Amino acid sequence: MKKAVFPGSFDPITLGHIDIIKRGLPLFDEIVIAIGINAKKNYMFSVEERKRFIQNAFFAEEKITVETYTGLTVDYCKSIDADFILRGLRNPADFDFEKAIAQTNRKLSGIETVFLLTSAETSFISSSIVRDILRNGGDASSLLPDSVSNSIKEN
Ligand code: ADP
């Protein structure tokens, strides 16, 4: 059974994340979308909101579960018997950052990181740009799954 963890902040989940997750589905039997909780980070959305956004986007998908975790990603993977980490790559900066982390994680735990290259249509999307748009009262709906943009509009 091939189980992967897709770790991230998902503050909020965007169409860029959705693209990576959907393309990861045929590769694994199960994908655990794992929201990392870092007490030092300030988030725009609470962990409950971020979890609900992801659950709503994937409510019909049986291979996906949504969890939260603290501490090292590799320790979390071990605790749920996941042998793979799924990550997306958008640009050279992502690659440089991810390369060191993936090599360290493999050294520490043997866990392999599987990278998917961003799709051309979503390569420019980031949660931080979405947050900037929302903070300034703009409309970010073209960058977000419908379930997320509808829920943001209602609040
Ligand atoms: P983190 O805080 O760990 O970077 P994010 O929620 O920003 O968490 O991202 C989680 C994962 O999703 C990362 O691997 C990131 O590269 C990937 N990702 C984010 N946006 C995109 C996108 N537009 N295309 C492809 N991958 C993306």
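Now for a look at the structure at hand. Worth saying up front: this structure is predicted, and the values here are computed from it rather than measured.

Some points on the environment of Ala102
Considering the arrangement of structural elements, one finds Ala102 in helix α4 (residues 92-109). Assessed through its relative accessible area of 12%, Ala102 is described here as buried. Put simply, Ala102 and Glu112 are ten residues apart on the chain and 7.4 Å apart in space, counted from C-alpha to C-alpha. If we skip the residues at most four places from it in the chain, Ala102 touches Thr113 and Phe115.

Overview of the side chain of Thr73
With respect to the secondary-structure elements, Thr73 resides in helix α3 (residues 73-79). Under the relative-accessibility criterion, Thr73 is labelled buried at 19%.

Description of the site of the ligand
Taken together, the neighbourhood of the ligand is formed by 16 residues, with Ser9, Phe10, Gly88, Thr122 and Ile125 sitting nearest. Backbone polar atom of Gly88 to an oxygen atom of the ligand: 2.7 Å apart, as the coordinates give it. Contact between the ligand and Thr122: a nitrogen atom at 2.8 Å from a main-chain N or O atom of the residue. Taken by itself the ligand offers 550 Å² of open surface, and the protein chains cover 87% of this. Listed by contribution, the elements that provide at least two residues to the shell around the ligand are β1 (3-8), α1 (15-24) and β4 (84-89). When its residues are assigned to classes, the shell around the ligand shows five nonpolar, seven polar and four charged.

About the thresholds
- Residues numbered from 1 in each chain as written.
- Predicted model: local features only at pLDDT ≥ 70, side-chain atom pairs only at ≥ 80, totals over all residues.
- Heavy atoms only, no water.
- Helix = DSSP H or I, 4+ residues; strand = E, 2+ residues; numbered from the N terminus.
- Buried < 20%, exposed > 50% of the residue type's maximum accessible area, 1.4 Å probe, protein only.
- Contact = heavy atoms within 4.5 Å.
- Near = heavy atom within 4 Å.
- Polar contact = N/O pair within 3.5 Å; in protein donor to acceptor, adjacent residues only side chain to side chain.
- Areas by Shrake-Rupley, 256 points an atom, 1.4 Å probe, with all protein chains shown as cover.
- Nonpolar A, V, L, I, M, F, W, Y, C, P; charged D, E, K, R; others polar.

Treat this as a map of the structure, not an account of what it does.
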